[in-house]
Amino acid sequence: MAEPLVLNSVIGFGGAIENGLISHPDGRTIIYPLGSTIVLRDRTDPRSQEFLQGHSDKVSCLALSRSGKYLASGQITYMGFTADIIIWDLESKQLLHRMALHKVKVQALDFSCDERILASLGGQDDNALVLWDVASGNAICGSPCNTNFTNCVKFFNNSPDKLITAGNFNMNVWTYDGANNKLRPTDATLGTLKRVFKSVVVDANDEYAYCGTTTGDVLQIALERVLFKNTGPAKGNVQMGVTATCEVPTGDILVGGGDGSLQVLRTVAEPSSTNPKLLRKMPALAGTKVEGAITSITLADMNARGFTFFVGTAMCNIYKVIYEPATGRLKEELVQTAHNDKINGMAFPAEYSEVFATCGTGYIRLWHLTTCRELLRIAVPNLECFCVCFTTDGSAILSGWSDGKIRAFGPQSGKIIFTINDAHQKAVTAIASTADSSRILSGGEEGMVRVWRIGRTSQTLEASMKDHKGSVNCIRIKGSGDECVSASSDGSCILWDLHTFKRRTSLFANTFFKSVVYHPDESQLVTAGTDRKITYWDAYDGNAIRIIDGSDLDEVNALAVDRDGEALVSGGGDKLVKLWGYDEGHCYFVGVAHSGAITGVGVTPDKQRIVSVGTEGGIFIWDYQRPQTLADI
């Protein structure tokens, strides 16, 4: 049996999950999901991280009990299957209960004020409200919610037997009848208003609920008789809807919008000057704007000067927002950033382990490995970067883009050094640099492999090699610079002579080759692809030496070998990072954390860490563990 690979740290944040960012009452920890992993991170030190791992697929919602003792998490699963809810004990970091009733997705969770009951809401295919006993993990009772989809659930702050649900054109206050073990709903009276509700917050005294809508207004609902009372903001609706709400300790409401706007609304409304029987709309006291639709707002701290909130956005950014009621100011500060879309590739500089680059839609980002901080962000809007690498001398970051251009950027300034226009007819899908950094090799979606001579002021095409019929997915160059290998979706890998620009030999298999690496002594090649096999080849005559099953379920997308050739690392559609002994072909360690297909893996040149990236936008940093070789036995 393979041992688990130790997860050291992660870079990422599941920003698309509503109310996924939670501040712990201990004043030190913030909690958020990333794929199937739940991250407990120190507020001030991003390196101080702990992980809760137990879900089989992407985490869809989180809830924290009032004291911070229990954490509940729900997930998504496949159609027709039940999705798990897990209750964690945060004191021991252990899994307490695993419950399953809802089909496909758990939409929302919330604990009662006495921490004895957990309410869960099923997704679109389920749409049921279930109450669970926290102590035993058993279901107490349940009820179908509504004919329309229900988005959110919230317990009252002082009554453990009352809760509110809201969704598409429906809002109900539920009372749990313990004697008869029934949930009894009361419909909200909204008059002629028809709204799709996205967020609910109940005030500290259980007098009012404030419900954010896709229309862009916040409805104030009197909870005693579940009647509509007022609306806001006074000066026009929030653009792209109200996506998150949170109560400020002063009794006001902090509202986040789909356009990234943050506003504090005064909840105590004054009578209208024209008609004393009517109330004025809730006015905005302060406002600011951040990048991306706001999905989470959580109160972190309060002092004499003001209140501190953490705000999570759909662009996977976490902001610290300080509200000072005396001055009426909202100040935001970026705390953490990450990819919000799939990551297509990653690369380390030659012989340097402290930094690495990742690329995806619209961005190349440079990260510091030990602090998990973003050092540089290079933005090219509306384009997708498919591949990235460093020149061997470290003077430039090379990248291939969906518009067929090769762009080179300064690794410290991020400024563009040069652009090779029309490098390929379609997208540039693979790129590599020779050891002396004088030449670049690029592969295109149309199957061309091209060699570019890089001068001080010019970039000239030296050769164009056309033998592949499909997209070129990976290019590797020998240390001497006289040979390279290209892996393609047409089922062939070709070894090219870089003096004559002719093929030396070809490797064929019934697969789309996704990745290829040279062994450090360059006597062998290792390939992987859609046939789930990892194949060792003789680099001289192109014969297959060994074939091993890289995955039981899905394709293998990425390969990396350490600098001494002791270990081989693979990742693919099965979401597992596997560390193999190179000589034995045996899988010694398996890393479980990704919730999407792995698109890139790398071993740091100092053999201390393994970095993997995937389609969920997460960057996972693992401790390198040396495989047990035959010499050790």
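Quantities reported herein were computed from a predicted structural model and do not represent experimental measurements.

(A) Representation of the environment of D206. Here D206 lies in the loop between β19 (197-202) and β20 (208-213). Taking the relative accessible area as the measure of exposure, D206 reaches 12% and is therefore buried. Apart from the residues lying within four places of it in its own chain, the contact partners of D206 are F156, N157, N158, S159 and L223. Polar contacts involving the side chain of D206 include one to the main-chain amide nitrogen of N157, which spans 2.8 Å. Here N158 takes part through its backbone nitrogen, which lies 2.8 Å from a polar atom of the side chain of D206.

(B) Summary view of the side chain of T29. Within the secondary structure, T29 is located in strand β4 (residues 29-34). A residue is classified by how much of its surface remains accessible, and T29, at 15% relative accessible area, is buried. Within the local environment of T29, its side chain forms a polar contact with the side chain of D26, the two groups lying 3.0 Å apart. Residue contacts for T29: discarding those within four places in its chain leaves I22, S23, H24, L40, R41 and R43.

(C) Highlighting the environment of D422. Relative to the helices and strands, D422 is located in the loop between β36 (416-420) and β37 (428-433). With a relative accessible area of 61%, D422 lands in the exposed category. Taking the C-alpha atoms as reference points, D422 and T327, 95 residues apart in sequence, are found 55 Å from one another. When residues no more than four places from it in sequence are discounted, the contact partners of D422 are G404, K405 and R450.

(D) Local environment of the sheet that holds strand β40 (residues 459-466). Sheet architecture is open: 4 strands sit in the order β37-β38-β39-β40, paired in antiparallel fashion. Sheet topology places β37 and β40 at the edges, where each strand pairs with a single neighbour. Strand after strand, the sheet turns through a mean of 20 degrees between neighbouring axes, direction not considered. Pairing geometry for β37 and strand β38 (residues 439-444), over 5 bridges, is antiparallel. Paired with A432 across the strands is L441, a residue of β38.

(E) Structural detail: the packing of aromatic side chains. In this structure the tally under the stated criterion is 8 aromatic pairs. Summarising the aromatic geometry, the rings of F348 and F356 are spaced 5.7 Å apart at their centres and angled 50 degrees between planes, so their arrangement reads as tilted. The same class applies to F348 and to F356, which are both buried. On the basis of an interplanar angle of 70 degrees and a centroid distance of 6.5 Å, the ring pair of F513 and W537 is categorised as edge-to-face. Here W537 lies in strand β47 (residues 533-538) and F513 lies in strand β45 (residues 513-518), a separation of 24 residues in the sequence. Take F513 and W537: they sit in the same class, and that class is buried. Lying across the ring of Y363, R365 places its NZ or CZ 4.8 Å from the centre. The ring of Y363 has R377 lying over it, and the distance from NZ or CZ to the ring centre is 5.6 Å.

What counts, and at which threshold
- Residues numbered from 1 in each chain as written.
- Predicted model: local features only at pLDDT ≥ 70, side-chain atom pairs only at ≥ 80, totals over all residues.
- Heavy atoms only, no water.
- Helix = DSSP H or I, 4+ residues; strand = E, 2+ residues; numbered from the N terminus.
- Buried < 20%, exposed > 50% of the residue type's maximum accessible area, 1.4 Å probe, protein only.
- Contact = heavy atoms within 4.5 Å.
- Polar contact = N/O pair within 3.5 Å; in protein donor to acceptor, adjacent residues only side chain to side chain.
- Pairing = 2+ DSSP bridges.
- Axes fitted to C-alpha atoms, helices over the stretch in contact; angles between N-to-C directions.
- Phe/Tyr/Trp six-rings, centres within 6.5 Å; stacked < 30°, edge-to-face > 60°.
- Lys NZ or Arg CZ within 6 Å of the ring centre and 35° of its normal.

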